[in-house]
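A closer look at the structure
Residue-level listing of the chains:
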Amino acid sequence: MPRTSIRTRLLVALLAVAVVAAVGLSAYFLRELESFALRKLEERLHTQARITAALVAETILADGRSLDDRDAAAIQRALDASAPYAASRMRVLDARGTVLADSGGEPGTSYADRREVRAALAGEYGAATRITERGRVALYVAVPIKAGDEIAGVSYASSTTFSIMSLLSDYRTRLAMVVAAFIAATFALAELLARWLSRPLTGLAETAARFASGDHSARAVPSGSAETEALARAFNAMADEVERAIAELREEERRKSRFVSDVSHELRTPLTAIRGAAETLLDGDVSEDDERQFLATIVREADRLTRLANDLLTLQRIEGATGELPLGRVRLRDAAERAAEALQPLTEARGVQVDVTGDDPVVLGDADRLQQVVANLLDNATRVTPEGGRVEVRISEGADGVTLEVLDEGPGIPEDALPHVFERFFRAQTSRDRSTGGAGLGLAIVAAIVRAHAGVVTAANRPEGGSVFAVRLPSLAPRREEPEG
Ligand code: ADP
């Protein structure tokens, strides 16, 4: 079903209100006017009838008898004399209800059967509305003419309501014109209102269509009523959110493709080395010493591939399983000492001493992962520290959390490399022999684990030389001692 526009709905609603109000008010006003005019006419007829009755009683019936034909001529003369000034017709009836004198002519008719005349003959006030012989509506008022206590006759006044009706029809025409003007004004008002209400919505619909067709910079201009303004703002907020999500998706897409190309790159180097060594061996004609060296290369590069595969798997596990680390109470110092112990053969071979110092705080975390953090940092630190040097793992607990620092005596990190050391596949010294380092995933794994623990890790150079890697973790609120058992 096609939907009607705001314009049409408003127009119908306003017109309905306008027409009902205008027609209702006009009808009420006309009815009131008519009844007021009829009341006034009746009052006038009553006054006239009373005056005539009083005059007749005073002048003709001074001697207290009933009216009869002898009085007819005198009364007729009086009525004829006043006829030019009276807007109504006056009749004087005798006590039987027969006309003695009539300002409109033809005396002799009996009105005794009329309701208002009967009422007057009974001494009361009588009034009635009826249609005249000429088809007009007329008002009749009859009052008794009294001679002492006797009813001597009836003073009978009447008038058509023609002037009232023509006045009313005049008003009706004028009111119809006013109502028509009213409706025209309503049309104009509805049109204005509809435009004012619908313009912001039309604008918003256009903006939304533009947005949907790919122009993600399209934003609505909040205008119009409070509701359309709120709608525009809500749309803009939604558009911001969608735009941000799309940018994030694109960035994620870029990261992924860079990751894939980085991984392929990392795979190619050891594979080339292995292939080269294997081909040379296949060719034969290699001295025994060289043969051992080529085989050693193959083993070393295969190890590198294994390490790369393991590192990638670790990263994938940590980043893929957000919030699913098995968290428990971990004594950070224990984790650090276990890491140093595990690396002992390596660090001894490098001739570097490792000391774990400081506090023994408890944190919420995964013990194995935290041990891996320390191991990766220690591996790097002992690698860059010259033989005979010392690496310190310093643990401290403060008001803002727990800090674990790994301080080495190496060359430090170039300033321009500092912001990137935690990125995947990043190596600061590209010239360095690849075989001594990893694929540039060690610190990325550290950062991922620390993030999963709601912590932060930073790298910096120490003023006295060497670098420091600091891991900050939230401290575990001290648990109250619970009674044993
Ligand atoms: P890798 O597995 O190659 O060691 P990492 O992610 O652990 O990769 O480290 C990335 C790079 O950061 C390293 O190649 C190195 O250049 C630099 N780096 C890491 N630790 C240190 C350190 N203690 N001193 C100086 N440079 C470091």
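Placed above this text is the structure.
Attention in this report is confined to the structure presented alongside it. Just so you know, these numbers come straight off a predicted model, no measurement behind them.

Now for the site of the ligand. Taken together, 20 residues lie near the ligand, and Asn-380, Ala-428, Gly-438, Gly-442 and Leu-443 sit nearest. Where the shell around the ligand is concerned, the elements lending two or more residues are helix H9 (367–384) and helix H10 (442–452). A class-by-class count of the residues in the shell around the ligand yields ten nonpolar, eight polar and two charged.

Strand order across the open sheet formed by five strands is S2-S1-S5-S4-S3, with antiparallel pairing between neighbours. Looking at the sheet topology across the chains shown, the edges are occupied by strand S2 (99–102) and strand S3 (126–131). When strand polarity is set aside, the average angle formed by the axes of neighbouring strands in this sheet is 25 degrees. In this sheet, strand S5 (residues 150–160) lies alongside strand S4 (residues 137–147) in antiparallel orientation, the contact comprising ten bridges. Opposite Ala-142, over in S5, you have Tyr-156 as the bridge partner. Helix H1 (residues 6–59) contacts strand S1 (89–94), S3, S4 and S5 of the sheet and is inclined by roughly 30 degrees relative to S4.

A few words on the pairing of S2. Along a regular strand, successive side chains alternate from one face of the sheet to the other. Inspection of the sheet shows S1 paired to S2 by three bridges, in the antiparallel sense. Considered in S2, the bridge of Arg-91 is made with Asp-102. Counted along the chain from S1 to the antiparallel partner S2, the turn is four residues long, and its residue Gly-97 has a positive phi close to 90 degrees.

Here we take up the pairing of S5. For S5, a buried count of eight out of eleven residues is recorded, marking the element as mostly surrounded by other parts of the structure. Across six bridges, S1 lies against S5 in antiparallel orientation. From the neighbouring strand, Arg-91 faces S5, where its bridge partner is Tyr-156. Hairpin geometry of S4 and S5 is characterised by an intervening segment of two residues between the two adjacent antiparallel strands and by a positive phi of about 65 degrees at Gly-148.

With their axes 10 Å apart at the nearest point, helix H6 (residues 288–320) and H10 run at an angle of 20 degrees to one another. What the angle tells us is that H6 and H10 run roughly parallel. Regarding H6 and H10, the two cross each other, and that crossing is left-handed. For the pair H6 and H10, the contacting residues are Asp-311, Thr-314, Leu-315, Ile-318 and Glu-319 in the first and Ala-444, Ile-445, Ala-448, Ile-449 and Ala-452 in the second.

Basis of the calculations
- Residues numbered from 1 in each chain as written.
- Predicted model: local features only at pLDDT ≥ 70, side-chain atom pairs only at ≥ 80, totals over all residues.
- Near = placed C-beta within 6 Å.
- Helix = DSSP H or I, 4+ residues; strand = E, 2+ residues; numbered from the N terminus.
- Nonpolar A, V, L, I, M, F, W, Y, C, P; charged D, E, K, R; others polar.
- Pairing = 2+ DSSP bridges.
- Axes fitted to C-alpha atoms, helices over the stretch in contact; angles between N-to-C directions.
- Contact = placed C-beta atoms within 7 Å.
- Buried ≥ 20, exposed ≤ 12 C-beta atoms within 10 Å, placed from the backbone.
- Parallel < 35°, antiparallel > 145°, perpendicular 65-115°, else oblique.
- Left-handed = near helix turned anticlockwise from the far one by under 90°.

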